[in-house]
Structures are given as structure tokens and as C-alpha cells.
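Chain by chain, the residues:
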Amino acid sequence: MAATSSLAAALTPRQRTFILLALSLGGFAIGTSEFASMGLMLDISRGLSITEAQVGHLISAYAIGVVIGAPLLAFAGAGVSRRNLLLGLMGFYAIGNLASALAPNYHTMLLARFVAGLPHGAYFGVAMLVAASISPPAQRGAAVSKVLMGLSIAILVGNPLTTWLGQQFTWRTAFALVSLLALATVVMVARHLARDPNEVRTSPMRELRAFNRPQVWLALAIGSIGFAGMFCVFTYLAPTLVNVTGIDERWMPAAVGLFGIGAIIGNVMGGWLVDRLQFRAAGVLLAWSVVVLLLFPLAAHSAWAMVPAIIAVGTMGALAVALQTRLMDAAGEAQTLAAASNHAAFNTANALGPWLGGMAIGAGFGHASTGYVGAAAAAAGLLLWGVAMALERRRGTALLATDCR
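- Looking at an unreviewed UniProt entry, one finds the chain named MFS transporter and attributed to Stenotrophomonas tumulicola.
- We quote the UniProt Subcellular location (unreviewed entry) comment for the chain here in full: "Cell membrane".

## Things to note about the environment of I265
Line of reasoning, step 1. Relative to the helices and strands, I265 resides in helix 14 (residues 252-277).
Line of reasoning, step 2. Separated by 46 residues in the primary sequence, I265 and I311 place their C-alpha atoms 8.7 Å from one another.
Line of reasoning, step 3. Not counting residues up to four positions away in its chain, the partners in contact with I265 are I311 and T315.

## Brief notes about the nonpolar core
Line of reasoning, step 1. L23, L86, Y123, F279, M306, I310 and V313 are the most contacted members of the largest nonpolar core, which has 98 residues in total.
Line of reasoning, step 2. Of all the elements, helix 7 (residues 120-133) adds the most residues to this core, at 10 residues.
Line of reasoning, step 3. Residue assignment places this core across two domains, with domain 1 (12-202) and domain 2 (209-404) each supplying three or more.
Line of reasoning, step 4. If we skip the residues at most four places from it in the chain, F279 touches I222, L323, R326, W385, A388 and M389.
Line of reasoning, step 5. Counting 14 residues, the second-largest nonpolar core is a separate cluster that includes A36, L58, A101 and A103.

## Details of a nonpolar patch on the surface
Line of reasoning, step 1. On the surface, a cluster of nonpolar side chains totalling about 490 Å² of accessible area is made up of V291, L294, L295, L298 and Y372.
Line of reasoning, step 2. In terms of residue count, the dominant contributor to the nonpolar patch is helix 15 (residues 280-299) (four residues).
Line of reasoning, step 3. As for its position among the elements, Y372 is in helix 19 (residues 370-404).

## So, the packing of aromatic side chains
Line of reasoning, step 1. Taken as a whole and judged by the stated rule, the model has six aromatic pairs.
Line of reasoning, step 2. Measuring from centroid to centroid gives 5.6 Å for F227 and F231, while their planes differ by 85°, and the two rings are edge-to-face.
Line of reasoning, step 3. F227 sits in the buried class, given a relative accessible area of 6%.
Line of reasoning, step 4. Looking at F231, the relative accessible area reads 13%, which means it is buried.
Line of reasoning, step 5. Relative to F346, the ring of F227 has its centre 4.5 Å away and its plane inclined at 45°; by these criteria the two rings are tilted.

## Some remarks on helix 9 (residues 172-192)
Line of reasoning, step 1. Between its first and last C-alpha, helix 9 extends 31 Å over 21 residues, near the 30 Å set by a 1.5 Å rise per residue.
Line of reasoning, step 2. Of all the positions in helix 9, only A174, F175, V178, S179, L181, A182, T185 and V189 are classed as buried. For helix 9, the buried positions fall inside an angular range of 160° around the axis, keeping them on one side. Along helix 9, exposed side chains directed more than 90 degrees from the buried face belong to L180, V187 and R191.

## Section: unusual backbone geometry
Line of reasoning, step 1. Although it is not a glycine, S49 sits at a positive phi angle of roughly 55°.
Line of reasoning, step 2. Along the chain, S49 turns up in the loop between helix 3 (41-48) and helix 4 (52-76).
Line of reasoning, step 3. Despite not being glycine, Q278 shows a phi value in the positive range, around 55°.
Line of reasoning, step 4. Its location among the elements puts Q278 in the loop between helix 14 and helix 15.
Line of reasoning, step 5. Exposure remark for Q278: the relative accessible area of 42% places this residue in the partly exposed category.

## Focus: the side chain of Q215
Line of reasoning, step 1. Tracing the backbone through its elements, the reader meets Q215 in helix 11 (residues 214-226).
Line of reasoning, step 2. The buried category is assigned to Q215, whose relative accessible area is 16%.
Line of reasoning, step 3. Within polar-contact distance, the side chain of Q215 engages the side chain of R326 at 3.0 Å.
Line of reasoning, step 4. Once residues within four sequence positions are removed from consideration, Q215 is found in contact with R326, A330, A388, L391 and E392.

## Quick word on the packing of helix 14 against helix 16 (residues 303-315)
Line of reasoning, step 1. Viewed as axis vectors pointing N to C, helix 14 and helix 16 meet at an angle of 45°, and their least axial separation amounts to 6 Å. By the angle between their axes, helix 14 is oblique relative to helix 16. Between helix 14 and helix 16 the crossing geometry is right-handed. Between helix 14, through A255, L258, F259, G262, A263, I265, G266 and M269, and helix 16, the contact on the second element is made entirely by V307, I310, I311, V313, G314 and T315.
Line of reasoning, step 2. Partitioned by chemical class, the residues of the contact of helix 14 with helix 16 number 10 nonpolar, four polar and no charged.

The rules behind each value
Residues numbered from 1 in each chain as written. Predicted model: local features only at pLDDT ≥ 70, side-chain atom pairs only at ≥ 80, totals over all residues. Heavy atoms only, no water. UniProt positions renumbered as here; feature names shortened; annotations may be inferred. Helix = DSSP H or I, 4+ residues; strand = E, 2+ residues; numbered from the N terminus. Contact = heavy atoms within 4.5 Å. Core = buried A, V, L, I, M, F, W, Y, C linked by side-chain atoms within 4.5 Å. Buried < 20%, exposed > 50% of the residue type's maximum accessible area, 1.4 Å probe, protein only. Domains from an automatic or database assignment. Patch = residues over 30% accessible without salt bridge, like charges linked within 9 Å, V, L, I, M, F, W, Y side chains within 5 Å. Areas by Shrake-Rupley, 256 points an atom, 1.4 Å probe, with all protein chains shown as cover. Salt bridge = Lys/Arg side-chain N within 4 Å of Asp/Glu carboxyl O. Phe/Tyr/Trp six-rings, centres within 6.5 Å; stacked < 30°, edge-to-face > 60°. Expected span 1.5 Å × (residues − 1). Arc of directions from axis to C-beta. Polar contact = N/O pair within 3.5 Å; in protein donor to acceptor, adjacent residues only side chain to side chain. Axes fitted to C-alpha atoms, helices over the stretch in contact; angles between N-to-C directions. Parallel < 35°, antiparallel > 145°, perpendicular 65-115°, else oblique. Left-handed = near helix turned anticlockwise from the far one by under 90°. Nonpolar A, V, L, I, M, F, W, Y, C, P; charged D, E, K, R; others polar.

Rendered as C-alpha cells:
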């Protein structure tokens with residue numbers, strides 16, 4: 001997908017930076033909201049007089065909202081300008097989180113978290129398309145990684161901040177803050193992102209027809225399966241550190257911080273690799289994931305070895321940049337639908353990884369076995385990447401033979 005030449009050429013580097021900052025702020029708001037319930041699990045449990053398992057249901061309700069909302073809202077908004085769609089989605093996100101902050105009981109909170117999750121994937125999908133369209137073609141990967149940087153910084157800064165605020169005041173403060181961040185994003189996008197009169201519009205049915213391509217489905221499958229390895233390990237990081245590594249539970253915030261550092265490194269690395277290797281970067285990152293996850297069970301027995309191991313697991317998030325850019329190239333007229341569906345795929349991975357890891361732990365293989373299970377998932381993703389590359393080479397050979405005739 002080429003850059004939108006009229007808008008990209010008209011922007012100064014300073015203007016482009018402000019647009020990317022606005023889009024990244026939205027990513028920060030979303031990342032902060034997504035992980036807030038995990039850091040404030042005990043506070044929410046006490047505040048709503050519910051069990052910790054029910055707080056887990058609130059987290060699941062948000063994830064289900066992402067999976068349903070990403071393709072649905074992208075499909076519904078296919079004919080809307082990207083600027084207006086971003087404003088609407090982030091306004092919707094502000095309302096969903098304000099409802100979460102004001103929810104009086106478990107059932108209304110469950111509904112509020114589901115509603116808050118609906119615009120998550122569509123926002124990221126559209127934001128990344130805008131980031132790529134305002135950037136020179138050789139810098140698309142870096143632009144996409146900057147939007148995702150907000151999500152990584154949320155893990156490193158937003159989650160600890162909302163946890164602290166929730167403990168000092170009330171857990172409702174966290175979601176109220178996210179609502180304000182979402183509104184700030186609306187203001188910044190409205191101020192800095194100009195309307196593009198030459199933006200190519202499509203229709204829901206055209207997007208749906210263009211979406212049905214093997215390379216699109218393969219990219220989504222790679223995200224759903226290959227990315228599950230990271231979630232498999234990260235979900236069970238706390239019990240692994242306590243039961244296998246033998247460190248105190250109070251060090252968990254530091255461990256999450258290490259993961260956040262890795263995620264930031266992964267975003268930068270992912271953008272750099274994509275700009276140089278294009279879709280081959282996904283293969284490199286999946287191979288890296290297999291190695292990291294295979295070494296994780298060995299590192300789990302030493303606190304010092306776990307420091308680089310956790311950072312390395314965090315870098316696996318670079319795969320999101322590679323797959324998002326791939327979908328931009330493979331989706332044709334289904335740009336918005338495919339880009340948003342990528343986040344539905346990652347939330348599928350978020351469900352699949354913990355389920356597979358839980359099966360291994362339940363079978364008696366121990367908490368560190370999540371590394372081996374995750375490596376198998378990453379290897380399956382690498383196999384799917386190989387299939388996608390083979391199909392692309394075969395198509396290229398067929399086109400060349402046609403041209404020769």
C-alpha cells in the first residue's frame with residue numbers, strides 16, 4: 001500500500017510527529033484500560049463485592065468485545081473517512097470507560113467492559129493505516145511501531161500508575177483517567193490530523209469481498225497461533241516466578257516492568273526489521289520467538305537469568321508490527337477490515353495461549369513448561385509463515401510465466 005501522496009507530501013516532519021503522538025496517546029489509553037483490571041483485581045473484587053474469578057470474567061468480557069468489535073466496527077465504518085472514524089471510535093472508548101468507572105455492580109461492570117472493548121481493535125487498525133499513509137513508503141514499519149509504542153508504554157507506565165492511583169483512592173479512578181486520555185486523543189486527532197480529500201473510500205461489501213484472500217487469512221492465522229506463545233508465558237509469569245524461580249510476589253511489578261521494556265525494544269526492532277525485510281521480518285521474529293521460549297524454562301530456575309528472559313519475551317511483540325504491515329499489503333480494498341481484524345487475531349492468541357499453558361500445568365508438567373508449549377505455538381506460526389511465503393513465490397512465478405507468454 002503506497003503512502004497517500006497528497007497528504008503525506010503536504011505534511012512537515014513536525015506535523016507528522018504530532019499526528020503520530022496523537023495516535024500513540026490513543027494506544028496508551030487502550031493499553032492502560034486493558035491491563036488496569038489485572039493490576040487492580042483485589043481492589044475491584046472488594047469494591048464490587050465479587051470474587052477474583054468474577055474479576056477475571058470482566059477481563060474476558062473486554063477481550064470478547066475486542067474480538068467482536070474489531071471486524072464489526074471496521075466493516076460498519078468502511079465508507080467513513082479515517083479521520084472521522086478515529087474520532088468516533090475514541091469517543092466511543094471514552095464512554096465505555098466512563099461507564100466502567102461508574103458501574104454500580106458486577107453485571108453493569110461486565111457490560112461496560114464488553115462495550116469498552118468493542119472499539120479497541122478498530123481504532124488500532126485505522127490508526128496504523130493513517131500512520132502508514134502519512135509516512136514515506138520506506139518508513140511505514142517505523143510509523144506503525146510508533147502507534148503501538150503507546151501500548152508498550154502503557155504496560156511499563158500506565159499499568160503501575162493506575163494500580164497506584166486505584167490503591168490510593170479507588171479503583172474507579174483508573175477507568176476515569178482512561179476516559180480522560182481517550183478524550184484528549186479525540187482533541188489531538190481533531191486538531192492535528194487534517195481531512196484528506198484524496199483518501200480512497202470503499203464500501204462495506206467491497207471490503208468484505210477483498211478480505212477473502214488466502215494471504216489475509218494466513219496473516220491472521222499467524223497472529224492467532226504464533227503470537228499465542230508470548231501470552232502462554234506472560235499469563236503464568238507470576239506463579240512461575242514464585243514457584244519455580246523462588247522469588248517473593250512483591251517483585252511482580254518489577255517483572256511486569258521488564259516485560260514492558262522488552263515490548264518497547266520489540267516495537268522499535270519490529271519497525272526497523274519490517275522496513276528492511278518486509279514480510280520476511282515475520283519469519284525472523286517467529287524464529288526468534290521459538291528460541292526465546294525454548295530457553296525460558298532453563299532461565300526460570302535463576303532469578304538473574306529471568307531478567308533477560310522476561311525482556312526477551314517482551315520483544316516478541318515486534319511480530320504485531322510485521323503482521324500489521326503485511327495486512328496492509330495483502331488486503332487490497334479491505335484495508336480497514338483487515339487491519340482491525342489483526343487485533344481480533346491477537347486477542348484470540350490471548351485466549352489460546354493461557355488455555356494451552358493451563359493444560360500443560362494441569363497435566364503436571366510444571367509452570368516452566370509454558371515455555372515449551374509457547375515455543376510449539378510459535379513454531380506452528382513459523383510453519384504458517386512458510387506456507388504464506390511459498391504461495392507468494394508460486395504466484396510470482398505464475399505471473400512471470402504469464403508475462404513471458
